[in-house]
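# Understanding the architecture of this molecule
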Amino acid sequence: MSTPCAISEQSGSLGVMWKTVSEDCNLACQYCYYSNCKGNPGHQLNRIPSSLLETFIHQYMSRAHGNASFAWQGGEPLLAGKDFFKEVIALQTKHAVPPVNISNSLQTNGTLIDKEWAHFFKSYHFLVGVSLDGPQDLHDSRRVTASGQGSFKRVMRGIRHLQAADVDFNILTVIHDDNVRQAKAIMDFYVRENFQFIQFIPCMDFRAQQPDQPGKYLITAEQYGEFLCEAFDAWYNEGHPRVSVRFFDTMLSVYLLGEAELCTHRHSCPKTLILEQNGDAYPCDFYLSSDFKIGNIGVDSLDDILNNRLFGDFLSLKPKLPSSCITCPYLKLCHGGCPRNRQWTSREDDPGVDYFCQSYKMIFHYAHERIVHLAEQIVQRLRQEGPTSPKSRMKPWIPLCASSITDHENVWGGEPLTNPFQRNCRT
């Protein structure tokens, strides 16, 4: 299962998420909102054709304006094979217009990661998201193979390869009815395993290809709110967080910078391209239907796709706040949540609230005083030490872009560097 808006806009640049092998996947996760192949991808993979890949990368890199951000998802993107991703790197290098930062992120179920994959990710600074639903009993209840076998051991083996190669990676955990009451157990497990960067997303029981259908969910808003509050207690750790949790980092970002990083809680949806394997383009990972198709990169120019009227129609959904949101004390933290989770009626000027509205209110109220305390700590520390000090870099929960607080930037200027590929932002 992928995560919404996995790519964030860097300095106003356009992010791209590509469904590398369309729905093909080697797992049959019971809650997947996208793939329908049930763990049997078939002998002929739906991989992005080389000609289409180069056509788009050439257009995209020519207008990157200093930042080119690629996210590779599926299905299971590693099914495309190592040669495919080597071709990606070669084409990005070929068509890059210096100076430019090139970043690649990839969301995987982790089962196919081996030593060679890990070395490749490290060499080109890929940020790797690994789907893991907690300890083995929780993970294996839903994330299974076509034959029904759990995938936990294979995922953990892949993670060990990432750790051994010092690859930047984070954990994506879907919260469903089997693990929603296990927040502390999940957090304790991740701390023991030294997983530094974690993201939770609530389980959705609908298809990305059917945005016209009402949203369905496997957990209640109250259950998710209780999960977040319990996870917050474990994360806060008496004022000394040991790991980064994206939801709580996003809250901190609002308190510190006035803007959420996670698309769900931003004032507006980021302008992002979601590309299917065949080149069909959409504005969001939850809106992959013909009603929201904004073109095809093999047929239409990138300018025509970005200026498609349907793109504007999609971007207009987020600001259409329910009337109850406008007077909500948490509006600046939430901005109405995700449009896909709202209850739309014939009166599109006044939709229903986000299904998880109660969840958000619960955690915003519960965490407020402690978030304020952490924000004050961060401001004081950065004033004393500066954002680039070694001590600041040791705190994974400081909600700043990794490229601004580490010494791992790779920026092309003048003569090309040996490795132009920049690490992704952690948040």
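Note that the coordinates shown come from a computational prediction; the quantities given were computed from them, not determined experimentally. (Residues numbered from 1 in each chain as written. Predicted model: local features only at pLDDT ≥ 70, side-chain atom pairs only at ≥ 80, totals over all residues. Heavy atoms only, no water.)

Time to look at the overall build of the chain. Secondary structure assignment for the chain yields 15 helices and 10 strands. Burial statistics for the chain: of 427 residues in total, 58% are counted as buried. Within the chain, counting contacts between residues at least 6 apart in sequence, those at least 24 apart form 70% of the total. By element, 49% of the accessible surface of the chain is carried by carbon and sulfur atoms, the whole surface being about 17800 Å². (Helix = DSSP H or I, 4+ residues; strand = E, 2+ residues; numbered from the N terminus. Buried < 20%, exposed > 50% of the residue type's maximum accessible area, 1.4 Å probe, protein only. Contact = heavy atoms within 4.5 Å. Areas by Shrake-Rupley, 256 points an atom, 1.4 Å probe, with all protein chains shown as cover.)

Quick look at the pattern of salt bridges now. Counted by the stated rule, this structure contains 14 salt bridges. Across the pair Arg-370 and Asp-233 runs a salt bridge, and its minimum N-O distance is 2.9 Å. Here the residue Arg-370 occupies a position in helix H13 (residues 357-385), and Asp-233 occupies one in helix H7 (residues 221-236), the gap between them amounting to 137 residues. Given the relative accessible area of 33%, Asp-233 is considered partly exposed. In this structure, the salt-bridge partner of Asp-313 is Arg-309, at a minimum N-O distance of 2.7 Å. Pair noted here: Asp-313 and Arg-309 are both in helix H10 (residues 309-315), with a separation of four residues, about one helical turn. Arg-309 sits in the exposed class, given a relative accessible area of 58%. Because the salt bridges share partners, they merge into one network encompassing Arg-142, Asp-177 and Asp-178. (Salt bridge = Lys/Arg side-chain N within 4 Å of Asp/Glu carboxyl O.)

Let us look at the confidence of the model for the chain. Low pLDDT marks stretches whose predicted atomic positions should not be read closely. Mean pLDDT over the chain works out to 85, with 82% of the residues at or above the 70 mark. Within the model, pLDDT remains below 50 along residues 4-11, and this stretch shows 23 contacts once partners closer than five positions in the same chain are excluded. Low pLDDT (under 50) marks residues 399-427, which in the prediction has 78 contacts with non-local residues, meaning those over four places away or in another chain. (pLDDT = per-residue confidence, 0-100.)

A few words now on the nonpolar core. Of all hydrophobic cores here, the largest spans 103 residues; its most connected members are Trp-72, Phe-200, Trp-235 and Leu-273. If one sorts the elements of this core by residue count, H7 sits on top with nine residues. Sequence-distant contacts of Phe-200, defined by excluding residues within four places in its chain, comprise Thr-173, Ile-175, Ile-186, Met-187, Tyr-190, Tyr-224, Phe-227, Ala-231 and Val-245. Of all hydrophobic cores here, the second largest spans eight residues; its members include Cys-25, Leu-27, Tyr-31 and Cys-203. (Core = buried A, V, L, I, M, F, W, Y, C linked by side-chain atoms within 4.5 Å.)

Residue Gly-75 is reached from Gly-74 by a cis peptide bond, and omega for that bond is 10°. A cis geometry characterises the amide bond from Pro-98 onward to Pro-99, with omega recorded as -5°. By the secondary structure assignment, Pro-99 is in the loop between helix H2 (82-95) and strand E3 (101-108). Of note, the phi angle at Ser-22 is positive, near 55°, even though the residue is not glycine. As for its position among the elements, Ser-22 is in the loop between strand E1 (15-19) and helix H1 (50-62). Under the relative-accessibility criterion, Ser-22 is labelled buried at 13%. Of note in this structure, His-335 is not a glycine but carries a positive phi near 55°.

Tracing the chain through its elements places Met-204 in the loop between strand E6 (197-202) and H7. Of the residues examined, Met-204 reaches a relative accessible area of 6% and is grouped as buried. Note: C-alpha distance between Met-204 and Tyr-217 (13 residues apart in sequence) is 4.5 Å.

To continue, consider the side chain of Gln-107. For Gln-107, the location among the structural elements is in strand E3. Here the side chain of Gln-107 touches Gly-129 through a polar contact of 3.3 Å, landing on its backbone oxygen. Separated by 3.1 Å, the side chains of Gln-107 and Ser-131 make a polar contact. (Polar contact = N/O pair within 3.5 Å; in protein donor to acceptor, adjacent residues only side chain to side chain.)

Time to look at the packing of aromatic side chains. Per the stated rule, a full pass over the model turns up 37 aromatic pairs. When the ring of Tyr-217 is compared with that of Tyr-355, the centres are 4.1 Å apart and the planes differ by 15°; the resulting orientation is stacked. Remark: Tyr-355 occurs in the loop between helix H12 (331-334) and H13 and Tyr-217 occurs in the loop between E6 and H7; sequence separation between them is 138 residues. Residues Tyr-287 and Phe-314 carry aromatic rings whose centres are separated by 5.2 Å and whose planes lie at 65° to one another, so their mutual orientation is edge-to-face. One end of the pair, Tyr-287, is in the loop between strand E9 (280-282) and strand E10 (295-296); the other, Phe-314, is in helix H10, and 27 residues separate them in sequence. For the pair Tyr-287 and Phe-314, one class covers both residues: buried. Clustering of aromatic rings is evident, with ring pairs tying together Trp-18, Phe-56, Tyr-60, Phe-70, Trp-72, Phe-84, Phe-85, Trp-117, Phe-120, Phe-121, Tyr-124 and Phe-126. The ring of Phe-311 has Lys-271 lying over it, and the distance from NZ or CZ to the ring centre is 5.2 Å. (Phe/Tyr/Trp six-rings, centres within 6.5 Å; stacked < 30°, edge-to-face > 60°. Lys NZ or Arg CZ within 6 Å of the ring centre and 35° of its normal.)

This part takes up the environment of Ala-281. Along the chain, Ala-281 turns up in strand E9. When its relative accessible area of 0% is taken as the criterion, Ala-281 is described as buried. Apart from the residues lying within four places of it in its own chain, the contact partners of Ala-281 are Leu-273, Ile-274, Leu-275, Phe-292, Lys-293, Ile-294, Gly-295 and Ile-305.

Our next topic: the pairing of E1. In terms of burial, E1 is a largely internal element, five of the five residues being buried. Of the two faces of E1, the one lined by Gly-15, Met-17 and Lys-19 and the one lined by Val-16 and Trp-18 are each fully buried. In terms of strand pairing, E1 meets strand E8 (residues 272-275) through four bridges, oriented parallel. Within the sheet, the bridge partner assigned to Met-17 lies in E8 and is Ile-274. (Pairing = 2+ DSSP bridges.)

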